[in-house]
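Below are the chains, spelled out letter by letter.
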Amino acid sequence: MNPSKTKTTPSTYLEGERLPHFKSLSGREYKEVYTSEDVRGELELPGVYPFTRGIHKDMYRGRLWTRRQQSGYRSGKESNERIKYLLSVGQTGINMDPDLPTHLALDPDNPLAQGDVGLQGSSLVIYEDMVDLYRDIPLDRVSNTMIVEAPTSAVIIAQYLLLARERGTPWKNLIGTIMNCPLSQFVGPTFQSITTFFPVEHAVKIALDVMEYMIQHSPKWNIVNINAYNIRETGVNAVQEAAFSLALAQDYVRGLVERGLAVDTFAPRIGFFSAVHMDVFEEIAKLRAMRRIWARIMKEKFKAQNERSMWFRTACQTSALPLTAQEPLNNIVRAGIQTLAAVLAGVQSIHTTGYDEAYSLPTEESHKLSIRTQQIVAYETGVTKSVDPLGGSYLVERLTDELESEIWELLNVIEDRGGFVQCFLDRWVEDQITEMRYQMGDDMNSGQQPIVGVNLFRDASDSTEIRIFRHSDQWQQQRIKEIIDHKKNRAQEPVKRALDALERQTRKKPQENCIEPIMKAVEARSTVGEIMDAIRKAIDFKRPGM
Amino acid sequence: MLQKPSAGVPDRDSGDHKENKMPKGGTYRILLGKMGLDAHDNGIVIIAKWLADAGFEVVYAGIYNTPESLLQSALQEGVDAIGCSFLGGEHLFYVRKLTELLRTRQMNRIKLIVGGVIPPEDVDALKGLGVGCIFTPGTMRDTVIEQLTDYLKKSE
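Residues numbered from 1 in each chain as written. Chains lettered and ligands numbered in written order. Predicted model: local features only at pLDDT ≥ 70, side-chain atom pairs only at ≥ 80, totals over all residues.

Colleague: What am I meant to see in the overall build of chain B here?
Modeller: Along chain B, the regular secondary structure elements total 5 helices and 6 strands. The secondary structure elements of chain B, listed N-terminal to C-terminal, are β-β-α-β-α-β-α-β-α-β-α. Sequence-distant contacts in chain B: of pairs separated by 6 or more residues, those separated by 24 or more amount to 75%. (Helix = DSSP H or I, 4+ residues; strand = E, 2+ residues; numbered from the N terminus. Contact = placed C-beta atoms within 7 Å.)

Colleague: Please clarify how the packing of helix α4 (residues 152–167) of chain A against helix α18 (residues 515–523) of chain A should be interpreted in this entry.
Modeller: The description of two packed helices rests on the angle between their axes and on the distance between the axes. All names here are of chain A. Contact geometry for α4 and α18: axes closest at 9 Å, N-to-C directions at 65°. By the angle class used here, α4 and α18 are roughly perpendicular. In this structure, α4 crosses over α18, and the sense of that crossing is right-handed. For the pair formed by α4 and α18, the contact residues are Ala 154, Val 155, Ala 158, Gln 159, Leu 161 and Leu 162 on the first element and Ile 515, Ile 518, Met 519, Val 522 and Glu 523 on the second. Of the residues contributing to the contact of α4 with α18, the split by class is 9 nonpolar, 1 polar and 1 charged. (Axes fitted to C-alpha atoms, helices over the stretch in contact; angles between N-to-C directions. Parallel < 35°, antiparallel > 145°, perpendicular 65-115°, else oblique. Left-handed = near helix turned anticlockwise from the far one by under 90°. Nonpolar A, V, L, I, M, F, W, Y, C, P; charged D, E, K, R; others polar.)

Colleague: How should I be thinking about the interface of chain B and chain A in this particular structure?
Modeller: Size of an interface, as often reported, equals the accessible area lost when the parts are brought together. Taken residue by residue, the interface counts 34 residues in chain B and 38 residues in chain A. Listed by contribution, the elements that provide at least two residues to the side of chain B that touches chain A are α1 (42–53), β3 (57–65) and α3 (91–104) of chain B. In terms of residues, the side of chain B that touches chain A owes the most to one element, α1 of chain B, which gives 5 residues. Among the residues forming the side of chain B that touches chain A, the class breakdown is 17 nonpolar, 10 polar and 7 charged.

Colleague: I keep staring at the pairing of strand β10 (residues 314–318) of chain A and nothing clicks. Help me out?
Modeller: Two faces make up the sheet, and in a regular strand the side chains alternate between them. Residue and element names in this part refer to chain A. Across the 5 residues that make up β10, a large majority, 5, are buried. Along β10, one buried face is formed by Thr 314, Cys 316 and Thr 318 and the opposite face, lined by Ala 315 and Gln 317, is buried too. As paired strands, strand β9 (residues 270–276) and β10 are joined by 5 bridges and run parallel to one another. For Val 276, the partnering residue across the bridge sits in β10 and is Thr 318. What joins β9 to β10 is helix α10 (residues 280–301), and the crossover it makes is right-handed. Note that β10 and strand β11 (residues 349–351) share 3 bridges and pair parallel. Bridge pairing links Cys 316 to Ile 350 in β11. With helix α11 (residues 330–345) bridging β10 and the parallel β11, this β-α-β connection has right-handed handedness. (Buried ≥ 20, exposed ≤ 12 C-beta atoms within 10 Å, placed from the backbone. Pairing = 2+ DSSP bridges. Right-handed = clockwise from strand over helix to strand, strands pointing away.)

Colleague: Which parts of the structure should I look at to understand the sheet that holds strand β8 (residues 224–227) of chain A?
Modeller: For sheets, the rule is that strands pair by backbone hydrogen bonds, running either parallel or antiparallel. Residues and elements named next belong to chain A. With respect to topology, 5 strands assemble into an open sheet ordered β1-β11-β10-β9-β8, the strand pairing being parallel. Edge positions in the sheet fall to β1 (66–67) and β8, since each has one partner strand and no second. Both β8 and β9 contribute to a ladder of 4 bridges, which runs parallel. Counterpart to Asn 225 in the pairing with β9 is Gly 271. Strands β9, β10 and β11 of the sheet are contacted by α11, whose axis makes an angle of about 160° with β10.

Colleague: What exactly am I supposed to notice about the environment of Gly 121 of chain A here?
Modeller: Residue and element names in this part refer to chain A. Tracing the chain through its elements places Gly 121 in the loop between α2 (100–103) and β5 (122–123). Residue Gly 121 is classed as buried on the basis of its C-beta count, with 25 C-beta atoms lying within 10 Å. It is 9.7 Å that separates the C-alpha atoms of Gly 121 and Gly 76, two residues lying 45 residues apart in sequence. Residues within four places of Gly 121 in sequence aside, it is in contact with Gly 72, Tyr 73, Asp 97, Pro 98, Asp 99 and Thr 102.

Colleague: Explain the confidence of the model for chain B to me, please; I cannot follow it from the model alone.
Modeller: Close reading of the predicted structure is inappropriate where its pLDDT is low. Residues and elements named next belong to chain B. Here chain B averages 86 in pLDDT, while 83% of its residues score no lower than 70. Residue range residues 6–20 is modelled with pLDDT below 50. Its contacts to residues more than four positions away, or to other chains, number 30 contacts. Of the two predicted TM-score estimates for the complex, the pTM is 0.92 and the ipTM is 0.90. (pLDDT = per-residue confidence, 0-100.)

Colleague: Would you mind going over unusual backbone geometry with me for this structure?
Modeller: Both trends apply: most residues other than glycine have a negative phi, and most peptide bonds are in trans. A cis amide bond links Tyr 49 of chain A to the next residue, Pro 50 of chain A, at an omega of 0°. Note on placement: Pro 50 of chain A falls in the segment before β1. The phi dihedral of Glu 327 of chain A is positive, around 45°, even though this residue is not glycine. Secondary-structure assignment places Glu 327 of chain A in the loop between β10 and α11. Among the residues examined, Glu 327 of chain A registers 16 C-beta atoms within 10 Å and is labelled partly exposed. One non-glycine residue, Tyr 64 of chain B, lies in positive phi territory at about 65°. Note on placement: Tyr 64 of chain B falls in strand β3.

Colleague: Explanation requested: the sheet that holds strand β4 (residues 94–96) of chain A in the structure shown.
Modeller: Residue and element names in this part refer to chain A. Strand order in the open sheet formed by 4 strands is β2-β4-β6-β7, and the pairing between neighbours is parallel. With one partner strand each, in any of the chains shown, β2 (70–71) and β7 (176–180) form the two edges of the open sheet. Bridging between strand β6 (residues 144–149) and β7 involves 4 bridges; their strand directions are parallel. Bridging across to β7, Met 146 finds its partner in Ile 178.

Colleague: When you look at the nonpolar core in this model, what are you seeing that I'm missing?
Modeller: Soluble globular proteins tend to bury their nonpolar side chains together. Judged by nonpolar contacts, the single largest core of 140 residues is most densely connected at Ala 154, Ala 207, Val 210, Leu 246 and Ile 518 of chain A. Among the elements that take part in this core, helix α8 (residues 238–258) of chain A stands out by supplying 12 residues, more than any other. Ranked by size, the runner-up nonpolar core spans 51 residues in total, among them Ile 30, Ile 44, Cys 84 and Leu 112 of chain B. (Core = buried A, V, L, I, M, F, W, Y, C linked by C-beta atoms within 7 Å.)

Colleague: Before we go on, may I ask you to explain the confidence of the model for chain A in this structure?
Modeller: The share of residues in chain A with pLDDT of 70 or more is 96%, and the mean pLDDT across the chain is 93. In the model, residues 1–8 of chain A has pLDDT below 50 throughout and makes 18 contacts with residues more than four positions away in sequence or in other chains.

Colleague: Before we go on, may I ask you to explain the pairing of β3 of chain B in this structure?
Modeller: Residue and element names in this part refer to chain B. Most of β3 is tucked away: 9 of the 9 residues are buried. Here strand β2 (residues 29–35) pairs with β3 via 6 bridges, running parallel. Bridged to Ile 30 within β3 is Val 58. The parallel pair β2 and β3 is bridged by α1, and the resulting crossover is right-handed.

Colleague: When you look at helix α5 (residues 141–155) of chain B in this model, what are you seeing that I'm missing?
Modeller: Since the α-helix advances by 3.6 residues per turn, residues separated by three or four positions end up pointing in the same direction. Helix length check: α5 of chain B, at 15 residues, gives a terminal C-alpha distance of 21 Å against a target of 21 Å (1.5 Å per residue), a fit within 8%. Buried within α5 of chain B we find Arg 141, Val 144, Ile 145, Leu 148 and Leu 152 of chain B. All buried residues of α5 of chain B fall inside an arc of 90° around its axis, so they share one side. Residues of α5 of chain B that are exposed and point more than 90 degrees away from the buried face comprise Asp 150, Lys 153 and Lys 154 of chain B. The inward-facing, buried residues of α5 of chain B contact α15 (428–446) of chain A together with α1, β4 (81–86), β5 (111–116) and β6 (131–135) of chain B. (Expected span 1.5 Å × (residues − 1). Arc of directions from axis to C-beta.)

Dropping the structure here:
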């Protein structure tokens, strides 16, 4: 897609209104009309390999998708209140996001963390935070997604398992997901964001430790979620989103197979988290194509026998990239359409992005609106009453085939380069992202990508009034002090012993699984930052400020 | 011209995206970077490219800067302005720190601009702290370049 030379404002009076072009969001040309010539052969039924039409035979007739809005701010206590509120208005699963220092395994009292404590998520540092966070929430009855990547995922899962043990909930009954992917989770695979505070190779090792441990002890738990959403939100297109995330998932499958695990023991517990952008049919085709490709990879390449191992199970979030700061109410419409597209694509759970995303974290009001959006699609529109309602559409089937072959092509390029992790380390991924970002900027600027209220129909007089979520500096200071006090007032000897043991194991037996020594360190009341610093020391990695 | 003081991101300088009608940014030198732990850098990476294409000398400091490290880079690079981008609500916290540092070290000649997710009600507070231009999402390229150039000209 080349930036056009002139910006066209549609002239509605003389010529009639026309689109600037007929390309999809990812640059493919839509044909004027699709006919039977465009499709090939018979369609398999939903629930039948390779699952193009959905992983279940009955899809939403059997069970609606999970409504799962991301939440998390300040401390475990405050986040717990928001979770309970969301469950009370009809959310059916939890999506818990820690704050940035926790994501990066830094304690709140770290000078680098000072401005970000409890801001974009919940500050989860010690075991007690986990106790607060899930108070009154049954861990074996509410499915709980924890949005956290390796290496921090190892500490969070350790805290969680200890909480379950304390409450007498058997680990084998826990239901939920730990995102756990160090390459895609944070803000997508941008190089500096991921490599500054922990080395990627070791983060992958810890991610595999978490997967291995959970498979052995908590078989209903989902061990990794490839965050295709965050990959997409860096500005790459639908084909790249799909190929990058599928390639990355293959790296994890290989890693677990190399540890001696049989593919069917863990593959059913691998999930994806995809974006649903604005181009309705392209996004639907992308998700259908991803189901087909994943099924083939698992069956043909990794020789899975169990059909569940071949299921491309995906959560979705409606993309925030097309949401605008201008006329924010328009975002309600955008997110509504994206939610509909996700449902038409047959996904397993949805987060509808708040219309205030371009201003702040969602307010309670906007959170509720997101849930209502999904409920309206679920209960009022009728689109859930038949499975894969677009199946057999000339356009959708054709696009599914086209996307499938382009995704395969790119997957092969990545595989030839040694897999996704290698491509990331070689900065090949970074180059792809940077190029697409520049294009995204140009397309917005040139009007190639029309955005109503921004580069089309812009209302200069629009002055936005929006209730936003406010943060409190005072709260941050208090939280920092809380952690400093915690470190001062606990028994120090057990902390030192546990951290030394973790450091020693990491140094002397680098292959050994780290979850149990981390659990001991959590029990001894160590913080997330201290635990990861012990590992950083053991592998001679210096993070900023160390 | 795009330079990097540290391990920064964008160094692709293909001419493909250049257009003839772009306003010229003159030869101002500007340091772009993010402070704190937020790593959402789509916006600032695109802005870096736009400014460089328009003739600014852009030094890209990447993410994870502290107010101190950003100031240090600004001094070393002898820039006319610092541009910071925010997303997660940490803008007032960090801009306060940065302006305080600029004041105490008597570096007020370095101008400050801000971009990103800034709630409308915080715009006045930021301007009060001395921020010259604020570019929120959806600002067109020419607007960014014109407003920034005007502001820097006026401040000379």
